[in-house]
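Coordinate inspection notes
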Amino acid sequence: MTDDPTDTPGESRDQDRAESTAPRRLPVTDVSLVVLVGTSGAGKSTFARRHFLPTQVVSSDFCRGLVADDENDQSASAEAFDVLYYIVGKRLAAGRLTVVDATNVQPEARRRLVEIAREHDVLPIAIVLDVPPGVCAERNRSRPDRQLPAHVVPRQHRELRRSLRGLEREGFRKVHVLRGEAEVAAAGIELEKRYNDLRHLTGPFDIVGDIHGCRSELETLLTRLGYTLTRDAGGRPVDAVHPAGRTAVFVGDLVDRGPDTPGVLRLVMGMVAAGHALCVPGNHENKLGRAMDGKKVNVAYGLQESLDQLAGESEEFRAEVRAFMRGLVSHYLLDGGALVVCHAGLPERYHGRNSGRVRSHALYGETTGETDEYGLPVRYPWAEEYRGRALVVYGHTPVPAASFVNNTVCLDTGCVFGGSLTALRYPERELVGVEAEREWYAPVRPLITDAPGAREGRPLDLGDVAGRRTVETGLHGRVAVREENAAAALEVMSRFALDPRLLAYLPPTMAPSATSRRDGYLEHPEEAFLGYRADGVRHLVCEEKHMGSRAVLLVARDGAALERRFGVAGPGAIWTRTGRAFLADEELTGAVLDRVRAAAERAGLFEELATDWLLLDAELMPWSLKAVELLRRQYAAVGAAAGAALPEVLSALERAAGRGLDLARLTDRQRQRAADARAFTEAYRRYCWPTEGLSGIRLAPFQLLAAEGANLAVRPHDEHLAWIDRLAAADETDETDETDETDETDGIDGTGTAGPAEGTGTEEPERRKEPLLQRTRRILVDTEDEASMAAATAWWEELTEAGGEGMVVKPLVSPVRTARGKGRPGGLVQPGVKVRGREYLRIVYGPDYTEHLDRLRLRALGHKRSLALREYALGLEALDRLAAGEPLWRVHEPVFAVLALESEPVDPRL
């Protein structure tokens, strides 16, 4: 609404009018630029303080103080207004209501503010405080800090009066004029939501693409979506309601070209009027509405068909159509801003904004300025560059089939051209379509898309990962990534990693349990059990820790499965914690994937999980398969040096002792060192053995991470282990393998508990064909049952004494959060802690580490634990986004962050 100011000369008449005026509520759009206009002393600052938050008001006086330390230094005005314009621009860019407190009585001062509002596509609103100059002058005289020359206020008042009639022509969308002190004092502000802001509506929605007069296909589609049609006495559909309360949303282009534009309008208008649907305008509604209003338009592209069909309708119906089309809003924000519906697509910077530019873009889209061979404009592929978090659903440009491109989807599948009419179920992200009954209108060009044909368009951009980043996670809030860590990750990702379209997940690091105080132990299960009990976790699962290298497997059911979902053809991929291909031999990689795929097929996992691919977290063994160079350079070198030096040292000591020297203590010390060195060598050799092809390779999956549409990582761990048992059993029954009757994972009784620890799977395998997949032994623990914890501790001791690395202790159901309480900050609980055996820790800390336990017990675990929680939350966030079908850049964002966090400095032995 706009107030039309009337220029009434004379102070007394102004004052009389103000005193007789009732209080007014001034409507102000919630995201807009409010420009206060009035002479010095009119009360603008007081008005702003009374009606707006202090942070919403940008004052020219305050900006003068910023640049000159004196709010009344008029010589600093130019610099002060530079600051003011900058602050205003930043606030409007962020979508904040902003109020400018300055005189603004001159057109040139207001012009720049209107330009800034237009730059940021918000409404400029003027609130004029037309207070008599005598009152203003008296107020200025009463302020000791401001003594203006006598001519200033009268001059400003004359400029104000000259401006009143022209404020709307200057571009202000609303103008509120308050005349006199009483009216200013009585006025109030009434914040209005933008017409396009329907964020409070959360759906569910059924969003329907371009209809173009195809009324019969629309009826069929609504029926398929579950709507019940209501018909008038003549049998014409006038409403449709869904029994589950779903709301239909139409993306525009209801009219033109098709056989029954009035029928489509009658049905859609009835649904909107009844509250069963929403509708945004298309470019065809815009043109038809102008033609019906008698404006000159180019009658083409099916407009004549609509005009002819509407000519047979009543004048009352045509009037309703005109009113309906005039009332359509360019686009809608829905579901808390997570969904945007418009006709031709909308970049994120325009979401929720109000301007002619936004409306034009929503109606017509953006073109490159070129035309194709059919003489039609070439659409700018904005969806390829879209990085917004809101799903944008649109139409306008016909495509053969709807597909998601960077969190956008075009639903115009050319029904009127003989294609189909498509709807999107939201939030299910399910596409539903019906075929056209016939080709109703011959297209100018074949039904092809200007949008990218691939699922993701241009998938990634340097701006997605460079610099300091903050990744929002649903589990752990915001996770910050430092710029230097992002640079390190970018180096790895760009030079060594697999195709990023495949890297849907990177495993998190894992912290050890709290340091043990038991004699001779650095890590012990007791600390893990008691730690989880303190966090309120009762049920735990202890899983055997396989000594190999962490591997993530993406396994495709068939050659086209990955092409359909990830845009990369092939059997799948195996990668390391840094995203590199695990095996350099592609043939061997394919052989491993084939075995896993075959086992999953026989186990029925693809059918059970309704998926064509699986993502698994696993350990690939032996350790030497991946870490052979590390073994040679670091571990073997230490063992060889000790093996060469210590026997000579002992021999020399024995000879010296034979000559009568008292060297017993030194000799005992060196004998202990020699024994420690042998134990060190034996420890790492347990995890190394030769392989040839698949022979000797063992894969121990311990978690199914994801399948199509599902983040499986949040399922209870006993479910994962049951799936893994089925996989391993299916691999063992592979008819192509010759297996013996030895069960390398005996001790599993089928109930999730473990028996004796013989056969840990760490011995060198026999030279035969053996199953590739290995079960993960486990035992369940009740932290409130001392016997249960004692049994698990005994199991761990048996595992580690037989040469096993140790175990991982996890809450049976993850993730777990603790409530904030006395002495406890609350928050995310560790998803798992590792408890490693004494002999394995000899590899980590050195042959004689047991002699330095007092010093090693001072190790700091805080940073490692923090890192583990952040990476875990990022990993689950990536899987959530993958399951939701979000675009690659959104899935890749937390994956890249995991890799970046890995470059944070932390003790590598933890």
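Everything below is about the structure printed above this text.
Residues numbered from 1 in each chain as written. Predicted model: local features only at pLDDT ≥ 70, side-chain atom pairs only at ≥ 80, totals over all residues. Heavy atoms only, no water.

**A short note on the sheet that holds strand S27 (residues 549-556)**
Strand order in the open sheet made by the five strands is S28-S27-S29-S30-S31, with antiparallel pairing throughout. Here the strands that pair on one side only, and so sit at the sheet edges, are strand S28 (572-575) and strand S31 (710-711). As paired elements, S27 and strand S29 (residues 613-621) share eight bridges and run antiparallel to each other. Opposite Arg550, over in S29, you have Glu619 as the bridge partner. Across the sheet, helix H23 (residues 717-732) is in contact with S29 and strand S30 (698-707); its angle to S30 comes to roughly 125°. (Pairing = 2+ DSSP bridges. Helix = DSSP H or I, 4+ residues; strand = E, 2+ residues; numbered from the N terminus. Contact = heavy atoms within 4.5 Å. Axes fitted to C-alpha atoms, helices over the stretch in contact; angles between N-to-C directions.)

**Section: the side chain of Gln56**
Examined against the element boundaries, Gln56 turns out to sit in the loop between helix H2 (44-51) and strand S3 (57-59). Excluding residues that lie within four positions of it along the chain, Gln56 makes contacts with Arg91, Leu97, Thr98 and Val99.

**Topic: helix H17 (residues 525-534)**
The complete set of buried residues in H17 reads Pro525, Glu527, Ala528, Phe529 and Tyr532. Structurally, H17 contributes buried residues whose contacts are with strand S26 (539-545), strand S32 (778-782), helix H24 (786-801), strand S33 (806-811) and strand S36 (833-836). Following H17 by one or two positions, Gly536 adopts a phi angle in the positive range, close to 85°. (Buried < 20%, exposed > 50% of the residue type's maximum accessible area, 1.4 Å probe, protein only.)

**Quick notes on unusual backbone geometry**
Between Gly203 and Pro204 the backbone carries a cis peptide bond, its omega angle lying at 5°. Residues Met621 and Pro622 are joined by a peptide bond in cis, for which omega reads 10°. Following the sequence through the fold, Pro622 ends up in the loop between S29 and helix H21 (624-658). For Arg257, which is not glycine, the phi torsion reads 75° and is therefore positive. Counting through the fold element by element, Arg257 comes out in the loop between strand S12 (247-250) and helix H10 (261-273). According to the relative accessible area criterion, Arg257 is buried, its value standing at 14%.

**Looking at the pattern of salt bridges**
Enumeration according to the criterion identifies 60 salt bridges in this entry. Glu115 is the partner of Arg112 in a salt bridge, and the nearest nitrogen-oxygen pair spans 3.4 Å. Within this pair, Arg112 and its partner Glu115 are both found in helix H5 (residues 107-119), separated by three residues, close to a single helical turn. Across the pair Asp130 and Arg161 runs a salt bridge, and its minimum N-O distance is 2.2 Å. Highlighted residues: Asp130 in strand S5 (residues 123-130) and Arg161 in helix H7 (residues 152-163), separated in sequence by 31 residues. An identical accessibility class is assigned to Asp130 and Arg161; each is buried. (Salt bridge = Lys/Arg side-chain N within 4 Å of Asp/Glu carboxyl O.)

**A word on the environment of Glu784**
Position of Glu784 among the secondary structure elements: in the loop between S32 and H24. Residues Glu784 and Arg533, 251 residues apart in the sequence, show an inter-C-alpha distance of 7.6 Å.

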